[in-house]
Amino acid sequence: MTSMTYSSPLIAAALTLVSTATLAQSSEQSQAEVRKLYSGRMMPDEQVELSRHIDRLFPTRTVKAASSPHKFGARDASLEDFSLTHEGVTYDIYDFMALNRVSGLMAVHDNDVVFEQYALGNTQDTPWMSMSIAKSISSTLIGAALNDGHIESLDDAVSKYVPALEGSVYDDVSVEHILLMASGVAWDETYADPDSQRRQMLEVQLSQEPGALLEFMGGLERAGSPGEVWNYSTGETQLLSAIINGAVGKSASEYLSEKIWSGYGMETDAKWWLDSEDGQEIGGSGLLITLKDYARFGQFVLDEYNEPNVLPEGWVAESARPHEIGGEEIEYGYSWWPEGEGAFSAVGIFGQWVFIDPDNDMVIAMTGAQPKAEAFEIVPVTQFFHALSDHLAGENQ
């Protein structure tokens, strides 16, 4: 019987073909998943599973945590007698968790964890996707870069730090215009509409071509003069990531680790979506974070509100207040949402929140799996958090 041998080049070629086919299949599955997510067409268990593993959708870069995490204290607080009545319906904490499909809720008062609850199979070690909370994190890094002298002024043109945008629709747009989403560049953020600019941006992201997102943004049309029109735009926060990279000379992930994740004391490494392999971070979405580190980020911002160190004096208050744009007061700050009564929030579609209430020295962090991207909460979150903050702060006086 004659034995058969195969040359190593043939084996290598065969393995390469198998590997390429596997990667192509994996890419197609990822693209299908992310389109289903944004369209609001996922079954509950699918969405929960994906929310824990968004790093399988796109390449990521690690944001390194601290060797010695920031420590919270702990105090027990009872919510058995707490409820919110809204439009004639009374909701308790159990209703809020169940009806809003909350996967984790944590309240921190005076740096003490006073409430911590997980659901939908999550634990304190479960990472969960951040969508637009990444916007607030990106804007916070702009503040750090300004404080460090990497950015000279918020009046600087975007193209000073992102030369690829010279001669584009962003030529006369300042860094502050981007923070406020007041560039005047036309944008439709409708997540479920495949023809919106938001979904077009997603398709460009899916292509994973280096520089393609900046080219896409530079080719948009104008809706008005810079500073005169407000458009909520995830595309604008992609430019924040590019500004950080250009101004600081580091990736947004590296700078986030230096100033906050490692610098302040996060417990777990985060992961951040990239526009291509080894590329630029997606400034408006795609961070994978544990609930306790969401809360630590909120505590970091609250600490900076009280005693600035990493950020410029007054930066947090300026970020958190409404601004006048085109003669109209807009309830939006530097990629943060003012919530009334001095409170403000970072908010992500499908149910992530970091609610900060300086008057009560309170941070409330939430992760969730709401089925649709836009306005799909049964129990109103802002009202519930205000009431919860007042209740917990009052209980601990």
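Residues numbered from 1 in each chain as written. Predicted model: local features only at pLDDT ≥ 70, side-chain atom pairs only at ≥ 80, totals over all residues. Heavy atoms only, no water.

Caption draft 1: Main features of the overall build of the protein chain. Counting its regular elements, the protein chain contains 13 helices and 15 strands. Taking 2.2 N^0.38 as the reference for a compact globule, 397 residues should give roughly 21 Å; the C-alpha atoms of the protein chain span a radius of gyration of 22 Å, in line with that estimate. Seen along its three principal axes, the alpha-carbon backbone of the protein chain occupies a region of about 85 × 55 × 40 Å. Out of the 397 residues belonging to the protein chain, those deemed buried represent 56%. The long-range fraction of contacts in the protein chain, counting pairs at least 24 apart against all pairs at least 6 apart in sequence, stands at 69%. Total accessible area on the protein chain is roughly 16,800 Å²; 48% of this is exposed by carbon and sulfur atoms. (Helix = DSSP H or I, 4+ residues; strand = E, 2+ residues; numbered from the N terminus. Rg over C-alpha atoms; globule rule 2.2 N^0.38 Å. Buried < 20%, exposed > 50% of the residue type's maximum accessible area, 1.4 Å probe, protein only. Contact = heavy atoms within 4.5 Å. Areas by Shrake-Rupley, 256 points an atom, 1.4 Å probe, with all protein chains shown as cover.)

Caption draft 2: View of the nonpolar core. One finds I142, Y170, I243, L256, I260, W261 and L287 to be the most contacted residues of the largest nonpolar core, which totals 103 residues. Ignoring anything within four residues of it in the chain, the contact list for L256 reads V63, I137, L141, W261, W272 and L287. With 27 residues, the next largest nonpolar core counts L84, I93, F115 and F385 among its residues. (Core = buried A, V, L, I, M, F, W, Y, C linked by side-chain atoms within 4.5 Å.)

Caption draft 3: View of the sheet that holds strand 8 (residues 270-273). Read from one edge to the other, the open sheet built from four strands follows the order 1-8-9-7, with strand pairing classed as antiparallel. This sheet does not close on itself; its edge strands, each paired only once, are strand 1 (60-63) and strand 7 (127-130). Here the strands of the sheet are splayed against their neighbours by 30 degrees on average, with no regard to which way each runs. In the sheet, strand 8 pairs with strand 9 (residues 287-290) via two bridges, with the strands oriented antiparallel. By the bridge assignment for strand 9, W272 is matched with L287. On top of the sheet, helix 10 (residues 252-265) reaches strand 1, strand 8 and strand 9; it is set at about 20 degrees to strand 1, its chief contact. Helix 11 (residues 291-306) contacts strand 7 and strand 9 of the sheet and is inclined by roughly 95 degrees relative to strand 9. (Pairing = 2+ DSSP bridges. Axes fitted to C-alpha atoms, helices over the stretch in contact; angles between N-to-C directions.)

Caption draft 4: Seen up close, the confidence of the model for the protein chain. Of all residues in the protein chain, 92% have pLDDT values of 70 or greater, and the mean over the chain is 92. Residue range residues 1-7 is modelled with pLDDT below 50. Its contacts to residues more than four positions away, or to other chains, number one contact. Low confidence marks residues 12-25, where pLDDT is under 50. Its contacts with residues over four positions away, or in another chain, come to zero contacts. (pLDDT = per-residue confidence, 0-100.)

Caption draft 5: Summary view of the sheet that holds strand 13 (residues 343-348). If you trace the seven strands from one edge of the open sheet to the other, you get 2-6-5-15-14-13-12, paired in mixed fashion. Bordering the open sheet on either side are strand 2 (73-74) and strand 12 (337-340), each of which pairs with just one other strand. Two strands pair when backbone bridges link them, and strand 14 (residues 352-357) and strand 15 (residues 362-368) are joined in this way by five bridges, in the antiparallel orientation. Bridge pairing links W353 to M366 in strand 15. Its contacts with the sheet place helix 4 (residues 133-147) against strand 13 and strand 14, and it is angled at close to 120 degrees to strand 13. Relative to strand 15, helix 11 is tilted by about 150 degrees, and along the sheet it contacts strand 5 (102-109), strand 6 (112-118), strand 13, strand 14 and strand 15.

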